[in-house]
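# Per-entry structural report
In case you want the letters, here they are:
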Amino acid sequence: MTTLSIDHVSRWFGNVVAVNDITMTIGPGVTGLLGPNGAGKSTLINMMGGFLAPSTGSVTLDGRPVWRNEQIYRQIGIVPEREAMYDFLTGREFVVANAELHGLGDKAARQALATVEMEYAQDRKISTYSKGMRQRVKMASALVHEPSLLLLDEPFNGMDPRQRMQLMDLLRRMGDEGRTVLFSSHILEEVEQLAWHIEVIVAGRHAASGDFRRIRRLMTDRPHRYLVRSSDDRALAAALIADPSTSGIEVDLAEGALRVQAVDFGRFTTLLPRVAREHGIRLLTVSPSDESLESVFSYLVAA
């Protein structure tokens, strides 16, 4: 069980504060580090991986400091966002070189290349690789020593849909095995499909933590929006609008549904079935229309 702890970490470059007093704990499973471009995700990952010293605060792996501790690389695999690689090497040579740094050899390299489905191109020069192929060979080099912690900075960049699905399946399996996997992304769909837990960074600050639906429900100052279909939408709208838990109801003729804005989440969830029962109305669909990760993210950015 590998746990990465970030304790009141800040990092600044001259007068620019890239990361501002962030505290979080990353444990086993798949965690998504979500934030817009320029939010500080890469800076934070570089500190998690020991490539960059915090200006203040500390990063520890199972209680041991990460900065200037080469022993932790026995446990960490890192896939950086940057493109720089040894283009004159073949994919196999690149992964073997990383294996040898861990005292391993060709067998470990072959296994890592097979894991990311790159055997077919392992003897080609990296200079001939597409961006997606480069990403996968970086992934192989990060996996070659079977790390318990994997740090991935925008790992899906440049991958085609099949490659993305294959990598998502691999990361899910690693999470199921009890490994600690953290990946950063500014693509909401990637995080929503893969992450068990999210950490949200906005403008260098820690904006939210947890399951995105739970985070959304904690936003009590934001109205909750629902798409409701029933056997009598107009009668249901008339009954709901009179209650203070709703602040707006719109009849969406194109969808054949009501769009309801609720300002009191708890009250509304008991009100809706009660009103339907009292008026003899059948509820066909009750669907949150703003509990996608995209909606949560837009709320956090706007906050």
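The structure under discussion appears in the preceding block.
First things first, this report covers the structure right here in the doc. Quick caveat: nothing in here was measured; it's all calculated off a predicted structure.

## Some remarks on the overall build of the protein chain
If you tally the helices and strands in the protein chain, you get ten helices and 14 strands. Its C-alpha atoms give the protein chain principal-axis dimensions of roughly 75 × 45 × 35 Å. Out of the 303 residues in the protein chain, the part that is buried amounts to 49%. For the protein chain, the proportion of contacts with a sequence separation of at least 24, taken over those separated by at least 6, is 67%.

## Some remarks on the sheet that holds strand β10 (residues 205-210)
Spatial strand order, β6-β7-β8-β3-β9-β10: six strands in an open sheet with mixed pairing. Edge strands, defined here as strands with exactly one partner in the open sheet, are β6 (76-79) and β10. Across this sheet, the average inter-strand angle for adjacent strands is 15°, counted without regard to direction. Inspection of the sheet shows strand β9 (residues 197-202) paired to β10 by five bridges, in the antiparallel sense. Bridge assignment links Ile198 to a residue of β10, and that residue is Gly210. Packed onto the sheet, helix α4 (residues 131-143) meets β6 and β7 (149-153) and runs at close to 170° relative to β6.

## A short note on the sheet that holds strand β5 (residues 64-65)
An order of β2-β1-β4-β5 is seen for the four strands of this open sheet, with the pairing classed as antiparallel. Of all strands in the sheet, those bounded by a partner on one side alone are β2 (16-26) and β5. Pairing geometry for strand β1 (residues 4-13) and β2, over seven bridges, is antiparallel. Pairing of Val9 across the sheet is with Ile22, part of β2. In the packing of helix α1 (residues 41-48) onto the sheet, the strands contacted are β1, β2 and β4 (56-61), and the crossing angle to β1 comes to about 125°.

## A look at the nonpolar core
Counting residues in hydrophobic clusters, the biggest one holds 48 residues, and the most contacted among them are Val95, Met139, Leu150 and Leu171. Residue contributions to this core peak at six residues, all from α4. Beyond its immediate stretch of four places on either side in the chain, Met139 contacts Val79, Val116, Leu150, Leu152, Leu167, Leu170 and Leu171. The next biggest cluster of nonpolar side chains, apart from the first, holds 24 residues, and it includes Ala39, Val59, Leu61 and Ile201.

## Considering helix α9 (residues 265-278)
Counted at 1.5 Å a residue, the expected span for α9 with its 14 residues is 20 Å, and the 20 Å between its end C-alpha atoms agrees. For α9, the principal kink sits at Leu271 and spans about 25°; a proline, Pro273, occurs within the next four residues. Taken as a whole, α9 has its buried residues at Phe268, Leu271, Leu272, Val275 and Ala276. Tucked inside the fold, the buried residues of α9 contact β11 (224-230), α8 (233-241), β12 (246-252), β13 (257-262) and β14 (283-288).

## Some thoughts on the packing of helix α2 (residues 91-101) against α4
At their nearest, the axes of α2 and α4 sit 8 Å apart, and the two run at 25° to each other. Accordingly, the angle class assigned to the pair α2 and α4 is roughly parallel. Remark: the crossing between α2 and α4 carries right-handed chirality. Together, Gly91, Phe94, Val95 and Asn98 of α2 and Val137, Lys138, Ala140 and Ser141 of α4 make up the contact between the two elements. Of the residues contributing to the contact of α2 with α4, the split by class is four nonpolar, three polar and one charged.

The rules behind the values
Residues numbered from 1 in each chain as written. Predicted model: local features only at pLDDT ≥ 70, side-chain atom pairs only at ≥ 80, totals over all residues. Heavy atoms only, no water. Helix = DSSP H or I, 4+ residues; strand = E, 2+ residues; numbered from the N terminus. Buried < 20%, exposed > 50% of the residue type's maximum accessible area, 1.4 Å probe, protein only. Contact = heavy atoms within 4.5 Å. Pairing = 2+ DSSP bridges. Axes fitted to C-alpha atoms, helices over the stretch in contact; angles between N-to-C directions. Core = buried A, V, L, I, M, F, W, Y, C linked by side-chain atoms within 4.5 Å. Expected span 1.5 Å × (residues − 1). Bend = angle between axes of the 7 residues up to and from the residue. Parallel < 35°, antiparallel > 145°, perpendicular 65-115°, else oblique. Left-handed = near helix turned anticlockwise from the far one by under 90°. Nonpolar A, V, L, I, M, F, W, Y, C, P; charged D, E, K, R; others polar.

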